[in-house]
Amino acid sequence: MTLAAAALLVSCAAPDDQFGSPDDGFLADAAELAGTVNWALAEAVTVELTEYAFSPATLRFRNGQPYALTLTNTGSKPHRFLAPGFFRAVAAKSLVYPDAEAGFPQLEAIALEVQESKILYFMPVLAGDYQISCDQPFHVMFGMLGRILIE
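Residues numbered from 1 in each chain as written. Predicted model: local features only at pLDDT ≥ 70, side-chain atom pairs only at ≥ 80, totals over all residues. Heavy atoms only, no water.

**As for the packing of aromatic side chains**
Now for step 1: Following the criterion strictly, the structure yields ten aromatic pairs and no others.
Now for step 2: When the centroid spacing of 4.6 Å and the interplanar angle of 65 degrees are considered together, the rings of Phe61 and Tyr67 count as edge-to-face.
Now for step 3: A relative accessible area of 0% means that Tyr67 is categorised as buried.
Now for step 4: What links up through ring pairs into an aromatic cluster is the set Phe54, Phe61, Tyr67, Phe81, Phe86, Phe87 and Phe122.
Now for step 5: Over the ring of Phe26 we find Arg88; its NZ or CZ atom is 4.4 Å from the centre of that ring.
Now for step 6: Between Lys93 and the ring centre of Tyr121, over which it is positioned, the NZ or CZ distance is 5.2 Å. (Phe/Tyr/Trp six-rings, centres within 6.5 Å; stacked < 30°, edge-to-face > 60°. Buried < 20%, exposed > 50% of the residue type's maximum accessible area, 1.4 Å probe, protein only. Lys NZ or Arg CZ within 6 Å of the ring centre and 35° of its normal.)

Structure below.
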């Protein structure tokens, strides 16, 4: 019973955004590339995070096209958009919070509280097939997986 209660408390804990280090395989010229983009041309894409799914579960992005990716947690639990391979394949301009902005972030995961939204401005640079997951306890086990294709 104590173990089950501890697991429940852990699964309800609030997540944090996770940032990487420049030495962790991120594009060396990401900030320079992002600085050359006309962000007024960013294509808007929205992903909803719920129990226990990404909607849509598959995202497709075109290399060289700027995007404004809105992540919204419409569920009743905190979630994380964990996609380290994807984040290393893009030039990110900024991660916009409800009340702040992080410029040129080197991300591993974006955390979302219940009913929270954040916007990632980025341009794909490296083509590939990247996995998305939510690393909150048991979320992957219940099917919270997806993929990102950069073409």
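Read on, since the account is not over.
**Re a nonpolar patch on the surface**
Now for step 1: A surface patch of nonpolar side chains, about 360 Å² in accessible area, is lined by Phe138, Met141 and Phe142.
Now for step 2: Along the chain, Met141 falls in the loop between strand E11 (128-133) and strand E12 (145-150).
Now for step 3: The class for Met141 is exposed, based on a relative accessible area of 60%. (Patch = residues over 30% accessible without salt bridge, like charges linked within 9 Å, V, L, I, M, F, W, Y side chains within 5 Å. Areas by Shrake-Rupley, 256 points an atom, 1.4 Å probe, with all protein chains shown as cover. Salt bridge = Lys/Arg side-chain N within 4 Å of Asp/Glu carboxyl O. Helix = DSSP H or I, 4+ residues; strand = E, 2+ residues; numbered from the N terminus.)

**Notes on the environment of Tyr121**
Now for step 1: With respect to the helices and strands, the residue Tyr121 is situated in strand E10 (residues 117-124).
Now for step 2: For Tyr121, a relative accessible area of 23% corresponds to the partly exposed category.
Now for step 3: Sequence-wise, Tyr121 and Ile110 are eleven residues apart; in three dimensions their C-alpha atoms are separated by 13 Å.
Now for step 4: Setting aside anything within four residues of it in sequence, one finds Tyr121 in contact with Trp39, Tyr67, Ala68, Ala91, Ala92, Lys93, Ser94 and Val96. (Contact = heavy atoms within 4.5 Å.)

**Here we look at the sheet that holds E10**
Now for step 1: Strand order in the open sheet formed by six strands is E3-E2-E5-E10-E7-E8, and the pairing between neighbours is mixed. Looking at the sheet topology across the chains shown, the edges are occupied by strand E3 (53-55) and strand E8 (101-103). Going across the sheet, the axis of each strand differs from the next one's by a mean of 25 degrees, ignoring polarity. (Pairing = 2+ DSSP bridges. Axes fitted to C-alpha atoms, helices over the stretch in contact; angles between N-to-C directions.)

**Concerning unusual backbone geometry**
Now for step 1: Looking along the chain, the bond that leaves Glu51 and enters Tyr52 is cis, with omega of -10 degrees.
Now for step 2: By secondary structure assignment, the location of Tyr52 is in the loop between strand E2 (43-50) and E3.
Now for step 3: Within the chain, Phe104 stands out as a residue other than glycine whose phi angle is a positive 45 degrees.
Now for step 4: Structurally, Phe104 can be placed in the loop between E8 and strand E9 (107-112).
Now for step 5: The class of Phe104 is partly exposed, set by a relative accessible area of 43%.

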